[in-house]
Amino acid sequence: MTTTAPQSAPAHRGGVAAARTRHATGRLLAALGRSVAIFVPVFLVATFVTFALRSLSGLSPARIQLGEQATPEAIGRIEAHWRLDKPFLTQYWDWFSGVLHGQLGTSWVNGADISTLIGLGLGVSLSVATFALVIGVVVGFGLGTLAALRRTTAVDRAITGFVTVISVMPAFVVGIVLVAVLAVGLRLFPSAGYIPAEQGVGPWLAHITLPALALSFDVIADVARQLRASLIAAYEENYVTGAVVRGLSPRRIFFGHVLRNGIGPALATLGQKFPALVGASVVTEWIFGLQGFGRFANDSAQAGDVPAVQGVLVVSIVLVVSFNLIINLVLARVMPASQRGV
């Protein structure tokens, strides 16, 4: 009796730990399954609508290459070359099969491979967007947490006023100010251009810092406001009162209860911000002389290059769904079950 009792406690703790691990794994798999179940039909419908845009637009490679004075015979030859004389569903299946293999087609304007063109621009935009997201998360979480911990004080009011101001400042205005002050005035950063990370991490960071700062203001504001509101609401819950009664330290209460329950809205905000940072930075890319994803999408649309626009839309869909999948998995891992709805 005296020898078995000490051995049963570690075994019990091991069994509890194993059960918690299985439960956490089950939550992640369930979240992954739900996200995939949403992704597949959304991707199918979105790609079909994306491809249908060519038929609805009435654009043709013959019009781009030959002009408005092209003869019907010349138009027919070029459209046959691009397989546009096939039935719509046949065209869609040929295009969709290529998409599944990572082939987004060929540009009507210059005959270049669209996957290659998008890859070049996407590398630039992903670098800037990722750095902007890191800045937004670090600064936004810091400001939101500080405002919640010092709620109703002068610190809280100052932070609230600051994020309100930066939330209404357009990225292109911020970019112009940053170029004028930090690049031209103080010469701390280059004013334009891009250097890949393969050519040196230092020059790469120097070239993406200013555009990332310009794009990060909106992220900082949204994350700080969402986190402040959700943390203050979490502090008013009964479980916090119970933790105080049990004598838990403020640090343990914050990290073990308040932050875990209040982080959800801020993380959900990131799921919407990152794809927008990648694709909606056309003006910022113009200011900093970047040949990014957003600028490529704008140039393709203006040139009537439908395959390129379709490729941009497909990549945007994948970015949006993939990043939201990551956010959902993180939420399933960090948030309590009562707030996940499972």
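Here the structure is a predicted model, which is why all the values come from computation and not from measurement.

Asker: How would you explain unusual backbone geometry if you had to name every residue and give the values?
Answerer: In this model, T152 sits at a positive phi of 70°, which is unusual for a non-glycine residue. By the element assignment, T152 lies in the loop between α5 (114-149) and α6 (154-167). The exposed category is assigned to T152, whose relative accessible area is 65%. One non-glycine residue, R187, lies in the positive phi region at around 55°. With respect to the helices and strands, the residue R187 is situated in the loop between α7 (171-185) and α8 (201-235). Given the relative accessible area of 70%, R187 is considered exposed.

Asker: Go over the packing of aromatic side chains with me, naming the residues and quoting the values.
Answerer: Applying the stated criterion across every chain, the model contains ten aromatic pairs. Consider the rings of F254 and F255, whose centres lie 5.0 Å apart with planes at 85°: the pair is edge-to-face. In this structure F254 comes out as buried when scored by relative accessible area, which is 8%. Among the aromatic residues, ring-to-ring pairing joins F43, F48, F51, F88, Y92, W93, W95 and F96 into one connected group. Looking at R295, its charged tip hangs above the ring of W286, at a distance of 3.6 Å from the centre.

Rules used in this analysis
- Residues numbered from 1 in each chain as written.
- Predicted model: local features only at pLDDT ≥ 70, side-chain atom pairs only at ≥ 80, totals over all residues.
- Heavy atoms only, no water.
- Helix = DSSP H or I, 4+ residues; strand = E, 2+ residues; numbered from the N terminus.
- Buried < 20%, exposed > 50% of the residue type's maximum accessible area, 1.4 Å probe, protein only.
- Phe/Tyr/Trp six-rings, centres within 6.5 Å; stacked < 30°, edge-to-face > 60°.
- Lys NZ or Arg CZ within 6 Å of the ring centre and 35° of its normal.

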